[in-house]
Amino acid sequence: MSLDKATVARIAHLARIKVPEEELDHLAGELSQILSFVEQLNEVDTGNVPPMTSVAAQKLRRRKDEVTDGGIQDAVLKNGPETAEGFYVVPKVVE
Amino acid sequence: MGALNRLTMAEAIDGLARKEFTAVELTEAHIKATEALRPFNAYITETPEVALAMAKASDERRAKGGAGPMEGIPIAVKDLFCTKDVQTTAASHILGGFKPPYESTVTSNLWRDGAVMLGKVNLDEFAMGSANITSHHGDVVSPWSPGEPGNWSRRIVPGGSSGGSAATVAARAALGATGTDTGGSIRQPAGFTGIVGVKPTYGRCSRWGIVAFASSLDQAGPMARTVKDTAIMLRSMCGFDPKDSTSVDMPVPDFAAALTGDIRGLRVGIPKEYRVDGMPAEIEALWQKGVEWLKAAGAVPVDISLPHTKYALPAYYIVAPAEASSNLARYDGVRFGLRVEGGNLKELYENTRGAGFGKEVRRRILIGTYVLSAGYYDAYYLQAQKVRTRIKWDFDQAFQLCDVILTPTAPSTAFGIGEKMDDPIQMYLNDVFTVPVNLAGLPGMSVPAGVGADGLPLGLQLIGRPFDEETMLKVGAVLEQAAGFKTEPPFVA
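Residues numbered from 1 in each chain as written. Chains lettered and ligands numbered in written order. Predicted model: local features only at pLDDT ≥ 70, side-chain atom pairs only at ≥ 80, totals over all residues. Heavy atoms only, no water.

**Concerning the overall build of chain A**
Link 1 in the chain: For chain A, the count of helices and strands is three helices and two strands.
Link 2 in the chain: Counting helices and strands in the order they occur from the N terminus, chain A gives α-α-α-β-β.
Link 3 in the chain: The C-alpha atoms of chain A give 23 Å as radius of gyration, which overshoots the globular expectation for 95 residues (12 Å, by more than 25%).
Link 4 in the chain: Each principal axis of the C-alpha atoms in chain A carries an extent, and together these give about 55 × 45 × 25 Å.
Link 5 in the chain: Looking at chain A as a whole, 32% of its 95 residues qualify as buried.
Link 6 in the chain: Long-range pairs, those at least 24 residues apart, make up 31% of the contacts in chain A between residues at least 6 apart in sequence.
Link 7 in the chain: Accessible surface, chain A: about 6,700 Å² in total, of which carbon and sulfur atoms supply 51%.
Link 8 in the chain: With 11 positive and 16 negative side-chain charges, chain A shows a spacing of 11 Å between the two charge centroids. (Helix = DSSP H or I, 4+ residues; strand = E, 2+ residues; numbered from the N terminus. Rg over C-alpha atoms; globule rule 2.2 N^0.38 Å. Buried < 20%, exposed > 50% of the residue type's maximum accessible area, 1.4 Å probe, protein only. Contact = heavy atoms within 4.5 Å. Areas by Shrake-Rupley, 256 points an atom, 1.4 Å probe, with all protein chains shown as cover. Lys, Arg positive; Asp, Glu negative; His and termini not counted. Charge placed at Lys NZ, Arg CZ, Asp CG, Glu CD.)

**With respect to the packing of helix H1 (residues 9-17) of chain B against helix H7 (residues 227-237) of chain B**
Residue and element names in this part refer to chain B.
Link 1 in the chain: Running from N to C, H1 and H7 point in directions that differ by 70°, and their axes come no closer than 8 Å. Relative to H7, the element H1 lies roughly perpendicular. Mapping the contact onto sequence places Met9, Ala10 and Ile13 in H1 and Lys228, Asp229, Ile232 and Met233 in H7.
Link 2 in the chain: Residues belonging to the contact of H1 with H7 are distributed by class as follows: five nonpolar, no polar and two charged. (Axes fitted to C-alpha atoms, helices over the stretch in contact; angles between N-to-C directions. Parallel < 35°, antiparallel > 145°, perpendicular 65-115°, else oblique. Nonpolar A, V, L, I, M, F, W, Y, C, P; charged D, E, K, R; others polar.)

**A word on the side chain of Ser135(B)**
All names here are of chain B.
Link 1 in the chain: Summarising the element assignment, Ser135 is placed in the loop between strand E3 (116-121) and strand E4 (147-148).
Link 2 in the chain: On the basis of relative accessible area, Ser135 is assigned to the buried category, the value being 10%.
Link 3 in the chain: Here Ser135 is in contact with Ala91, Asn122, Leu123, Asp124 and Glu125, once residues within four sequence places are set aside.

**Concerning unusual backbone geometry**
All names here are of chain B.
Link 1 in the chain: Following Gly160, the chain continues to Ser161 via a peptide bond in cis, the omega torsion being 10°.
Link 2 in the chain: Looking at the secondary structure, you find Ser161 in the loop between strand E5 (151-152) and helix H5 (163-170).
Link 3 in the chain: You will see that Asn132, though not glycine, has its phi angle at about 55°, which is positive.
Link 4 in the chain: For Asn132, the position within the fold is in the loop between E3 and E4.
Link 5 in the chain: A positive phi angle, close to 65°, is found at Arg172, a residue other than glycine.
Link 6 in the chain: With respect to the helices and strands, Arg172 occurs in the loop between H5 and strand E6 (176-181).

**Concerning the packing of helix H1 (residues 5-14) of chain A against helix H11 (residues 359-372) of chain B**
Link 1 in the chain: At a minimum axis distance of 9 Å, the contact between H1(A) and H11(B) shows a crossing angle of 95°. For the element pair H1(A) / H11(B), the angle class is roughly perpendicular. Taking contact as the criterion, the partners of Thr7(A), Ile11(A), Ala12(A) and Leu14(A) in H1(A) are, on H11(B), Leu366(B), Thr369(B) and Tyr370(B).
Link 2 in the chain: Counted by class, the contact of H1(A) with H11(B) contains five nonpolar, two polar and no charged residues.

**Remarks on the pairing of strand E13 (residues 457-464) of chain B**
Residues and elements named next belong to chain B.
Link 1 in the chain: Burial analysis of E13 places eight of its eight residues in the buried class, which makes it a mostly covered element.
Link 2 in the chain: Residues Pro457, Gly459, Gln461 and Ile463 line one face of E13 and the alternating positions Leu458, Leu460, Leu462 and Gly464 line the opposite face, and both faces are buried.
Link 3 in the chain: Both strand E12 (residues 444-451) and E13 contribute to a ladder of seven bridges, which runs antiparallel. Residue pairing across strands places Val447 opposite Leu460, the latter belonging to E13.
Link 4 in the chain: Between E12 and the antiparallel strand that follows it, E13, lie five residues; Gly455 among them carries a positive phi value of about 85°. (Pairing = 2+ DSSP bridges.)

**Description of H11(B)**
Link 1 in the chain: For H11(B), built from 14 residues, the straight-helix expectation of 20 Å at 1.5 Å per residue is met to within 8% by its first-to-last C-alpha distance of 20 Å.
Link 2 in the chain: Counting buried positions over the 14 residues of H11(B) gives twelve, a clear majority of the element.
Link 3 in the chain: When we look at burial in H11(B), the residues that qualify are Glu360(B), Val361(B), Arg362(B), Arg363(B), Arg364(B), Ile365(B), Leu366(B), Ile367(B), Gly368(B), Thr369(B), Tyr370(B) and Val371(B).
Link 4 in the chain: Check the buried side of H11(B) and you find it contacts H1 and helix H2 (24-38) of chain A together with helix H9 (312-327), helix H10 (345-356), helix H12 (378-401) and helix H13 (424-428) of chain B. (Expected span 1.5 Å × (residues − 1).)

**A word on the UniProt feature "active site" (unreviewed entry) in chain B**
Residues and elements named next belong to chain B.
Link 1 in the chain: UniProt marks Lys78, Ser161 and Ser185 with the feature "active site" (unreviewed entry), using the numbering shown here. A maximum C-alpha distance of 11.2 Å is found for the annotated residues, which run over 108 residues; spatially they form one tight group. Filtering the just-named annotated residues for those lining the largest cavity gives Ser185.
Link 2 in the chain: You can see Lys78 is positioned in strand E2 (residues 74-78). (UniProt positions renumbered as here; feature names shortened; annotations may be inferred. 1 Å grid on protein atoms, 1.4 Å probe; cavity = no way out; pocket = protein on both sides within 12 Å on 5 of 7 lines; lining within 4 Å.)

**Quick word on the interface of chain A and chain B**
When the parts of a complex come together, some accessible area is lost, and that lost area is often used as the size of the interface.
Link 1 in the chain: Counting residues at the interface gives 49 residues for chain A and 73 residues for chain B.
Link 2 in the chain: Both sides of the chain A and chain B interface together cover about 5,300 Å² of buried area, and 66% of this is carbon and sulfur.
Link 3 in the chain: Contact with chain B buries surface across chain A, with Leu41(A), Met52(A) and Val55(A) losing the most and accounting together for 13% of the total.
Link 4 in the chain: Our count for the contact surface shared by chain A and chain B stands at five salt bridges.
Link 5 in the chain: We note a salt bridge from Asp85(B) to Lys78(A), for which the minimum N-O separation is 3.3 Å.
Link 6 in the chain: At the boundary of chain A with chain B, the tally comes to 21 residue pairs in polar contact (both at pLDDT 80 or more).
Link 7 in the chain: Elements represented by at least two residues in the side of chain A that touches chain B include exactly H1 and H2 of chain A.
Link 8 in the chain: The element contributing the most residues to the side of chain A that touches chain B is H2(A), with eight residues.
Link 9 in the chain: Looking at the side of chain A that touches chain B, its residues break down into 30 nonpolar, nine polar and ten charged. (Buried area = accessible area lost by both parts, 1.4 Å probe. Salt bridge = Lys/Arg side-chain N within 4 Å of Asp/Glu carboxyl O. Polar contact = N/O pair within 3.5 Å; in protein donor to acceptor, adjacent residues only side chain to side chain.)

**With respect to empty space enclosed by the protein**
Link 1 in the chain: Taken as a whole, this structure holds six cavities of 30 Å³ or more when the rule is applied.
Link 2 in the chain: Put simply, the largest cavity is a space of about 60 Å³.
Link 3 in the chain: Of the residues belonging to the lining of the largest cavity, the class tally is four nonpolar, six polar and two charged. (Points joined across faces, edges and corners; volume = space filled by probe spheres on them.)

**Topic: the packing of aromatic side chains**
Residues and elements named next belong to chain B.
Link 1 in the chain: Considering all chains together, one arrives at 17 aromatic pairs over all chains under this definition.
Link 2 in the chain: Put simply, the rings of Phe98, Phe126, Tyr331, Phe336 and Phe357 touch in pairs and so form one group of aromatic residues.
Link 3 in the chain: Across from the ring centre of Trp208, 4.4 Å away, lies the NZ or CZ of Lys243, which sits over that ring. (Phe/Tyr/Trp six-rings, centres within 6.5 Å; stacked < 30°, edge-to-face > 60°. Lys NZ or Arg CZ within 6 Å of the ring centre and 35° of its normal.)

**A closer look at the side chain of Ser32(A)**
Link 1 in the chain: Along the chain, the position of Ser32(A) falls in helix H2.
Link 2 in the chain: A distance of 2.7 Å separates a polar atom in the side chain of Ser32(A) from the backbone oxygen of Ala28(A).

**Quick look at the pattern of salt bridges**
All names here are of chain B.
Link 1 in the chain: According to the stated counting rule, one finds 29 salt bridges over all chains in the structure shown.
Link 2 in the chain: Among the salt bridges present, the one from Lys84 reaches Asp85, with a minimum N-O distance of 3.7 Å.
Link 3 in the chain: When its relative accessible area of 45% is taken as the criterion, Lys84 is described as partly exposed.
Link 4 in the chain: Given the relative accessible area of 43%, Asp85 is considered partly exposed.

Structural data, given as structure tokens:
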């Protein structure tokens, strides 16, 4: 499997990572190399094999649906690069 | 009495109990050692004031008769564990300035048991790497590098991703350190630096408050200079935590009490698939020696087969990047860390993430995004998870024939910084023996067992049954005793 420049640009956009145009070629080469490496997995017969969903054979625990935490707005917002009036601030998203 | 930083953790616990020295004295010795270690770039954040305050509180607790299992023991914390009000970076630019308003469960458990925090040690960015050369805060140099600190003739890598942890412990600047292991990040650096590193069974240590890399593979564990020290520290780190949905509600054994030295009749599996092409003869020979040592102690070697071993690395390089691409979506420049402005929200995201992630992390996020994207999910991710099941089955079958498995830790000794860097696949091959253990969720450990022709340490790996760390550690202690690894690195603080 070999990725071209346009595909890498598309993945980078999906991942919301800005990749400079001049790095796309090199990156396409590296990613293609990794994809060829992982392609050997197709040799494995997985006909009746279930995909692993959990290494530990345990059911996900449940708990009562009740509030166990909260009232820590200041702590939550403390690390925000830009906050105002109890909110995170982002560029305008609604026209 | 020699320098306090040369003691083992067990010796320091005894010395403190006998009042031969105080936790403050022990901590001061380690703060001094930490300063001497600075040229190696092992720390991202030193916290001497925190350490001294914790040591003082520890001495006060002891005076009142309330000493915990790790009372007064100074340790280093991998900078992947969130520590309340102390900068936590994951060695990434994107988390710059982040001071968690909470404490990870594992570190909380350690402080509950009396341990003292020396600071936050360096790692590969988001724990992605095998040499500690992807950190935004610079490369870590191994204390095994020849020459004077800062003027080495060859800069040796400490391994990764827990490279700062390994360097600090090997240089006698901390009695122990926390590590995390997603594909070998505790065991490989332990092997490269001649110390002991333990990755417990998935679910033993809570992942809550540890910066996530690949959630189905990540496990925390201890790194220290003896098997007994790791056993002591592991007990304090483990325990059920309702805040981690994969934390296992099981009693935590007294791991150190399991080190009886009696391994008579235990069956030690030797997997034939771990003889990989191009592995140096000295590693093959050391492995054979390990078999002989355990046999001499009364264990029974058994040939086993783990037929899907060669598929572990490719499966890992789908599963881990896929989970990482999802976990790392949270770094968006809005809630914490770096923010690079843009004309609109999408640009803000793209600019922040473009500037904030290093090359290795970016590469893995992109791979992960690709294998999870529409049209490729079944071919890559689903197939990898099926192969993962087969790898687990291999181990299940093997453990019907044996009680523990012995392998080399890594296919080489440590290499120099700048070597092996042009080809990502070459770097990934470092983890060929450690990755299968994570995929199957098993406990594994590395024990220092010898020195290569280049003068650098070599480790042997033991793999245990799920939740049977006790047998693994017991065999590890026998291996340690038989190997008698006493070589110190060129630099000791």
